[in-house]
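Understanding the architecture of this molecule
Chain by chain, the residues run as shown.
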Amino acid sequence: MLRAPSEGDIPAWFARATDVESASLAGDPIPSDISAGERWLARSRQRFADSKAIQWSMDQTGVSDAIGTITLSFGTADAKAAALGFVLARAHWGRGLGSEAAREVVRYAFETLALEQVTAEAAARNFASLRILAKLGFRHVESFVDESDGERCERFALDADIGSSLLTSNATPDR
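Keep in mind that what you see is a predicted model, and the values were worked out from it rather than measured.

Generally speaking, soluble globular proteins have nonpolar side chains that are buried together. Ranked by size, the top nonpolar core spans 30 residues in total, and within it Ile-70, Leu-72, Leu-84, Val-106, Val-118 and Phe-138 carry the most contacts. Not counting residues up to four positions away in its chain, the partners in contact with Leu-72 are Lys-52, Ala-53, Ile-54, Trp-56, Ala-82, Ala-83, Leu-84, Val-105, Tyr-108, Ala-109, Leu-113 and Val-118.

This is the structure in structure tokens:
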């Protein structure tokens, strides 16, 4: 289930954000204390109010804390494209939950927001994220080095005409 982030998500966010491997794969800095969670939530709400992003907390039946977050970020308010980003708590890796959430958010981007393209970036060593993007039909656009940390990354895009049909049929693209 996807829903708006809330104050109750801060402890789970902090646990994910301070997991060294998870933070490293996501390219995120590790916060020094839980008060960073309040800033994270305020920033999420402000970006939504400014039409810069929509962020959801991911819930799973039977799990009390949010298991991750997924975001669509917009370059400009009138843009017809958005960037997809997601982080999942380590305990939930490898269960298809990231794929399921990403599929629903991409479907929302095309069907509800009428976007023309969704892009995504992942560290080249983040094999799970690369698999999710491939499953959803994203095409590789370029390899690059993130100047902020020297990480080798991959950039992908999914156009609405291709993405909508793939997501509707649950088919996988020919590669």
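When its volume is computed, the second largest pocket comes out at roughly 160 Å³. If you go around the second largest pocket, the residues you meet are Met-1, Leu-2, Met-58, Asp-59, Gln-60, Ile-67, Leu-97, Glu-100, Ala-101 and Glu-104. If one sorts the elements of the lining of the second largest pocket by residue count, helix H4 (residues 97–111) sits on top with four residues.

This paragraph deals with the pairing of strand E7 (residues 152–159). One ladder, built from seven bridges, connects strand E5 (residues 117–123) with E7; its direction is antiparallel. In the strand pairing of E7, Ala-122 is matched with Glu-154. Here six bridges tie strand E6 (residues 139–145) to E7, and the two strands are oriented antiparallel to one another. Residue pairing across strands places Ser-143 opposite Glu-154, the latter belonging to E7.

With that settled, consider the pattern of salt bridges. For the structure on display, the rule yields eleven salt bridges. Close ionic contact of Arg-3 with Asp-9 constitutes a salt bridge, the shortest N to O distance being 2.6 Å. With a relative accessible area of 21%, Arg-3 lands in the partly exposed category. A relative accessible area of 3% means that Asp-9 is categorised as buried. With its nearest N and O atoms 3.6 Å apart, the salt bridge here joins Glu-154 to Arg-152. Each of Arg-3, Asp-9 and Asp-59 takes part in one network of salt bridges that share partners.

Moving on: the environment of Ser-51. Along the polypeptide, Ser-51 turns up in the loop between helix H3 (35–49) and strand E2 (53–58). Residues Ser-51 and Ser-73, 22 residues apart in the sequence, show an inter-C-alpha distance of 8.7 Å.

Glancing now at the sheet that holds strand E4 (residues 81–88). Two orientations exist for strands paired in a sheet by backbone hydrogen bonds: parallel and antiparallel. Spatial ordering of the open sheet is given by E1-E2-E3-E4-E5-E7-E6, a layout of seven strands whose pairing is mixed. Edge positions in the sheet fall to strand E1 (2–3) and E6, since each of these pairs with one other strand and no more. Contacts from H3 reach E2 and strand E3 (68–73) within the one sheet, and its direction differs from that of E2 by about 135°.

What counts and how
For every chain, the first residue of the written sequence is number 1, and numbering continues from 1 onward in sequence order. This being a predicted model, a pLDDT of at least 70 is required before a residue's local features are given, and a value of 80 or more before pairs of side-chain atoms are given or counted; all residues contribute to the totals for chains, interfaces and linings. Calculated side-chain values reflect all of the structure's heavy atoms, with hydrogen atoms and water omitted. Only buried residues count toward a nonpolar core, which is a set of Ala, Val, Leu, Ile, Met, Phe, Trp, Tyr and Cys residues joined through side-chain atoms within 4.5 Å. Burial classification: accessible surface area is computed with a 1.4 Å probe over protein chains only, and a residue below 20% of its type maximum counts as buried, one above 50% as exposed, and the rest as partly exposed. Throughout, a residue-residue contact means that at least one pair of heavy atoms, one from each residue, lies within 4.5 Å. Here a cavity denotes a set of grid points, spaced 1 Å apart and computed over the protein atoms alone, in which a 1.4 Å probe fits but from which it cannot get out, and a pocket denotes an open set meeting protein on both sides within 12 Å along at least five of seven lines; residues with an atom within 4 Å of a point are reported as lining. Grid points are joined across faces, edges and corners, and a volume is the space filled by probe spheres set on the points. Working definition: helices are DSSP H or I runs of at least four residues, strands are E runs of at least two. Numbering for both runs from the N terminus. DSSP-based pairing: two strands are paired if at least 2 bridges between them are found. Throughout this description, the term salt bridge denotes a Lys or Arg side-chain nitrogen within 4 Å of a carboxyl oxygen of Asp or Glu. Lines fitted to C-alpha atoms define the axes here, with helix axes fitted over just the stretch in contact, and angles between the N-to-C directions of these axes take values from 0 to 180 degrees.

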